[in-house]
Each structure stands twice: as structure tokens, then as C-alpha cells.
Amino acid sequence: WIVLALVVVLGAAWVLRVPLFGGLVKSAITSRLSESFGGRYEIDVVGGSWLSDFEIRGLRTVEPPPDGPLVRLDVEEARLRYDVRTLLGDAPLSGIEVAEVRGLLLDVDPSRPSAAPGSVEPPDLSLLDEFRGRGDVEGTVSVETGRGKAMLRDLRVRYGPMHVLDLDVGAVTLPERVA
């Protein structure tokens, strides 16, 4: 009976994972974004099996960061497919097989004042060397140039396991006042 009860409890926990833990996962992700960039973020839905894949839908900036270059970060849908054993090992990013982002809206302004010097550590990009999977990002990026806004629309960035990067841009909008 103990084994049957354990199977029932674990099965119920897996079936109810989103209602039971979805709020905690959303809170952890949005808190991490706020700590990293400032501002406030919300996520509509988290999902996936969580054993081999994870997804978020409806990530949006609710309150922009007060300083720093990031003005807005919105994502319609982001998905990760991974090997959970490798993900929990010494090189976690090597466990990610596929990373996909759809509906990215990234708005940056490099001229915005930054937080106090030294208060924010730059990200350690060497971790990306571990990533052996495939990445695919689609969306729009806009950059305030001081002369106006430059936009890359219908942007698609694909990254392959052999560190091959493919970039497609549907439309480029440059500021009207180009020197």
C-alpha cells in the first residue's frame, strides 16, 4: 500500500505541478529579472512537462527599470527542451538541447544612466561555451541612438551546435536624422 500511495501522491503532484508550483516558478523568474535588470515583470503562464521541457508565455515588462540600457523586455513564448540529468550536472547549459524565443520585443537605450558604477556585475558569458544545443529567437529589437530609434523587425537569430550563427532581418528602420 505504501508504494501505491507514493505513486498516487507523486502522480497527483506531477499532474498538478502548474497549479501547485506555477506561481512559485513565475515569482522566481520575475524576481531574478528584477534583480538582474531592475523594473518589474509579469508572466502569464508557465508550462511544459518540467522533466524534459519548460515554457513561459506572456512575459512582459510591467514597470521599466529606472536606470540602465534595458527599457522593455517582452516575450510571447519561450521554450527550453533539455536533458534533466545533464542539466543538474557540472555543466548545466550543455543539457539544454533547444532554446526558442518567439515574439521578442527588446527595447534598449544605451544613453540611459546606469546604476552606480560597480553595483551591477556584468553577466558571465563564458557559460555560453557550455551550450551545445540549438537556439532560435524571433522578434523585434529597437535601440535608441540619440538621433532617434533604430529598429530591426522580423529579426530571426538561429544558433547551431557548432557555434554557427544565422541572422535574418525582415526590415531595418533607421532614425530620420542620420548624420
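Cut-offs used in this document
Think of each chain on its own: its residues are numbered from 1, step by step along the sequence as written. The predicted origin of the model limits local features to residues at a pLDDT of at least 70 and limits the giving and counting of side-chain atom pairs to 80 or more, whereas totals for whole chains, interfaces and linings rest on all residues. In computing side-chain values, all of the structure's heavy atoms are included and hydrogens and water are not. The numbering of helices and of strands both runs from the N terminus, where a helix is a DSSP run of H or I of at least 4 residues and a strand a run of E of at least 2. Note on classification: 1.4 Å probe, protein chains only; a residue is buried when its accessible area is under 20% of the maximum for its type, exposed when over 50%, partly exposed between these limits. Here, two residues are considered to be in contact whenever any of their heavy atoms come within 4.5 Å of each other. Here the open area of atoms and residues is found with the Shrake-Rupley method and a 1.4 Å probe, where only the protein chains shown may cover a residue. A score between 0 and 100, pLDDT records how confident the predictor is in each residue.

Draft legend 1. View of the overall build of the protein. Along its length, the protein carries 3 helices and 8 strands. Along the protein, from the amino end to the carboxyl end, the secondary structure elements read α-α-β-β-β-β-α-β-β-β-β. Burial status across the protein gives 28% buried among its 179 residues. Long-range pairs, those at least 24 residues apart, make up 51% of the contacts in the protein between residues at least 6 apart in sequence. Counting only carbon and sulfur atoms, one obtains 63% of the accessible surface of the protein, whose full area is about 11700 Å².

Draft legend 2. Spatial organisation of the environment of S114. Of note, S114 is situated in the loop between β5 (96-108) and β6 (134-144). Not counting residues within four places of it along the chain, the set of residues in contact with S114 comprises D67 and G68.

Draft legend 3. Fine view of the confidence of the model for the protein. Model confidence for the protein is summarised by a mean pLDDT of 82, while 82% of its residues fall at 70 or above. Here helix α1 (residues 2-15) stands out as the element of the protein with the lowest mean pLDDT, 68, in contrast to strand β1 (residues 40-42), whose mean of 96 is the highest.

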